[in-house]
Every structure is written in C-alpha cells, then in structure tokens.
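Below are the chains, spelled out letter by letter.
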Amino acid sequence: GSQHMKENYSSETVVLVTGMSGAGKTTLCRALQQRTGIEFSISCTTRDKRDYEVDGVDYHFITDEEFRSRMSNDEFAETEDVHGCMYGTLKETIENAITTGEIILFEVDVKGAMSIKSLYPKQTVSIFVLPPSMEDLRERLINRGTDSEERITKRLERLKIEIGYKEKFDFNVINDDVQRTTDEIIDIIHTQNKGVLHVS
Ligand code: 5GP
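Model, not experiment: these values are computed from the prediction.

*Asks:* Looking at this structure, how should I read the overall build of the chain?
*Replies:* Helix and strand counts for the chain stand at 8 helices and 9 strands. The C-alpha radius of gyration of the chain comes to 17 Å, within 12% of the 16 Å expected for a compact globule of 200 residues. Considering only C-alpha atoms, the chain reaches an extent of 55 × 40 × 30 Å along its principal axes. Buried positions account for 46% of the 200 residues belonging to the chain. Long-range pairs, those at least 24 residues apart, make up 69% of the contacts in the chain between residues at least 6 apart in sequence. Entry remark: accessible area of the chain is about 10600 Å², with carbon and sulfur atoms responsible for 48%. If you average the places of the 25 positive and of the 36 negative side-chain charges in the chain, the two averages end up 3 Å apart.

In structure tokens:
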C-alpha cells in the first residue's frame, strides 16, 4: 500500500550488478528476473545486435548518430565506450525507478556502476560478480562463441582493469553456482531494500 511506497522512496531501489566480463552476470540477472520479476534497465548501445537479442528488450540498438544526438541532449546518466562500442544508461530510466520506488536492476560495466552510484548514492546498492576462478572465466569467454578472437583478447585485457574495482562495490559475490548466487543476491536486495520483492 501507500506505506510501502513511502518506505520505498528512501530505500535502495537501484540495484547495480557488475562483474568481470564473462563472470556469468547475464545468466545471474536472468535467473534473478525469473524468480523475482525484478525489472531490468534497458540501456542504449551502438553495438550490433546478436542473433538471440531483441531490440527494446535486451538493449535499445541505436545508430552512432542517434547516440551522439542523445548525448548532446544530456539524456544519459553515464556513457561508456566498451570494446569500441557505445553504451549508455538513460537518466529517465533511473529517475523513474527512484520516483516510483520500484526496484530496478542495472547490468552495467564497472565504470558505469561507479558513475550511477556517485549520481544517486543513497538509492543504489552495488554488487560485483566474480568468477570462481580466472581459468574458468577464460574458458567461459572462449566457449561462448559469440565473439571474435580479437574481441576475446580485448575482453581479457579488460579483466585486469575490472578486477581493480571490486573493493569499491558494496558487495562481492562469487558466481560458483547460479542458484546459490541468485539466493545470495536476493538476500542482499532484501537486506538493503525496505521495499517488497516477491520471490518464487
Ligand atoms: P555486451 O556487449 O556483452 O552486451 O556488454 C558489454 C559490456 O557493456 C558489459 O560489461 C555490459 O555490462 C556493459 N554495458 C551494458 N549496458 C551498459 C550501459 O548502459 N552502460 C555501461 N557503462 N555499460 C553497459
């Protein structure tokens, strides 16, 4: 009821899930969504759509030109060049979540998470997802098969930078098992957020 709405307003409605490339955060976020119905933020990107992705669901796939135009209109809370493509979170998405008190999940890279956290410090909880081992992570990156060798090399280089950020996050979780790790994240959200999260 209205009482919950009031509490929600001051609670941490923005959940930032970040992690090293290939640490399995996408799978985790999907599992979270299936079990809780938590809303996902939809970012804008200039990267090419992968076959299994849907425009307007996974991302808003936009042209470089449109991205630039939205940037000059100051529509983004943060933008980032990741592996040569642009990604951005719309301010509107974050502000809607904060206003309605609805919990919203952001799957962004480390710098994006830091930017959103510094813009909206009181309303965010940040979670850094780590792989069980670096070896396991390398295998996952290569076996995913969606990226070229050049892209994989770039991602491996990026790992070194990403790991340096982990201490800056409110929580570090090791993704050793999707079910267990999802439970852990749900616990974190419950502890941090006074709002209602329905878990099935
Ligand atoms: P992918 O191209 O594999 O979907 O994502 C590449 C990276 O971009 C991932 O680390 C992903 O979390 C990040 N990313 C996706 N959307 C955004 C966004 O809106 N802002 C930022 N900073 N990073 C994003």
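*Asks:* Sorry, what's going on with the sheet that holds strand E6 (residues 85-90) here?
*Replies:* Either a parallel or an antiparallel arrangement is found when strands of a sheet pair, and the pairing is made through backbone hydrogen bonds. Taken in spatial order, the 4 strands make up an open sheet running E4-E3-E6-E5, and their pairing is mixed. Edge positions in the sheet fall to strand E4 (59-61) and strand E5 (76-82), since each has one partner strand and no second. Averaged over all pairs of adjacent strands, the angle between strand axes in this sheet comes to 25°, irrespective of strand direction. Strand contacts of helix H4 (residues 91-100): E5 and E6, with the helix running at about 30° to E6, the strand carrying the most contacts.

*Asks:* Could you clarify how one ought to interpret the environment of glutamate 53 in this entry?
*Replies:* By the secondary structure assignment, glutamate 53 is in the loop between strand E3 (43-45) and E4. Apart from residues no more than four positions distant in its own chain, glutamate 53 is found in contact with Arg47, Asp48, Asp58, Tyr59 and Phe61.

*Asks:* Mind showing me how you'd approach unusual backbone geometry here?
*Replies:* Where the residue is not glycine, phi is negative for most of them; where a peptide bond is considered, it is trans in most cases. We note that aspartate 74 has phi near 60°; this positive angle belongs to a residue other than glycine. Here aspartate 74 lies in the loop between helix H3 (64-72) and E5. Using a relative accessible area of 48% as the deciding quantity, one classes aspartate 74 as partly exposed. The backbone phi angle of histidine 83 is positive, close to 50°, even though this residue is not glycine. Tracing the sequence through the fold places histidine 83 in the loop between E5 and E6. What makes histidine 83 buried here is its relative accessible area of 13%.

*Asks:* Got a minute to help me understand the site of the ligand in this structure?
*Replies:* As a structural note, the neighbourhood of the ligand is formed by 16 residues, with Arg47, Tyr59, Glu78, Tyr87 and Asp109 the closest of them. Residue serine 43 places a side-chain N or O atom 2.7 Å away from an oxygen atom belonging to the ligand. Within the contact set of the ligand, an oxygen atom lies 3.1 Å away from a side-chain nitrogen or oxygen of threonine 89. When isolated, the ligand has an accessible area of 510 Å², and the protein chains bury 94% of it.

*Asks:* Help me understand the pattern of salt bridges in this model?
*Replies:* Side-chain pairs of opposite charge can arise whenever the charged atoms involved come near each other. Counted under the stated rule, the structure contains 13 salt bridges. A salt bridge links arginine 70 to glutamate 75, with the nearest nitrogen and oxygen atoms 3.6 Å apart. Across the pair aspartate 109 and arginine 158 runs a salt bridge whose closest N-O atoms are separated by 2.6 Å. In this pair, aspartate 109 is assigned in the loop between strand E7 (104-107) and helix H5 (110-119) and arginine 158 in helix H7 (residues 149-163), connecting sequence segments 49 residues apart. Because the salt bridges share partners, they merge into one network encompassing Glu66, Arg70 and Glu75.

*Asks:* So what exactly am I meant to see when it comes to the packing of helix H2 (residues 25-36) against helix H8 (residues 178-192) here?
*Replies:* The axes of two packed helices give the description: the angle between them and the distance between them. As a packed pair, H2 and H8 sit with axes 10 Å apart at the nearest point and diverge in direction by 65°. Overall, the two elements H2 and H8 adopt an arrangement that is roughly perpendicular. For the pair H2 and H8, the crossing hand works out as right-handed. From H2, Thr27, Leu28, Ala31, Leu32, Arg35 and Thr36 reach across to H8, where they touch Val178, Gln179, Thr181, Thr182, Asp183, Ile185 and Ile186.

About the criteria used
Residues numbered from 1 in each chain as written. Predicted model: local features only at pLDDT ≥ 70, side-chain atom pairs only at ≥ 80, totals over all residues. Heavy atoms only, no water. Helix = DSSP H or I, 4+ residues; strand = E, 2+ residues; numbered from the N terminus. Rg over C-alpha atoms; globule rule 2.2 N^0.38 Å. Buried < 20%, exposed > 50% of the residue type's maximum accessible area, 1.4 Å probe, protein only. Contact = heavy atoms within 4.5 Å. Areas by Shrake-Rupley, 256 points an atom, 1.4 Å probe, with all protein chains shown as cover. Lys, Arg positive; Asp, Glu negative; His and termini not counted. Charge placed at Lys NZ, Arg CZ, Asp CG, Glu CD. Pairing = 2+ DSSP bridges. Axes fitted to C-alpha atoms, helices over the stretch in contact; angles between N-to-C directions. Near = heavy atom within 4 Å. Polar contact = N/O pair within 3.5 Å; in protein donor to acceptor, adjacent residues only side chain to side chain. Salt bridge = Lys/Arg side-chain N within 4 Å of Asp/Glu carboxyl O. Parallel < 35°, antiparallel > 145°, perpendicular 65-115°, else oblique. Left-handed = near helix turned anticlockwise from the far one by under 90°.

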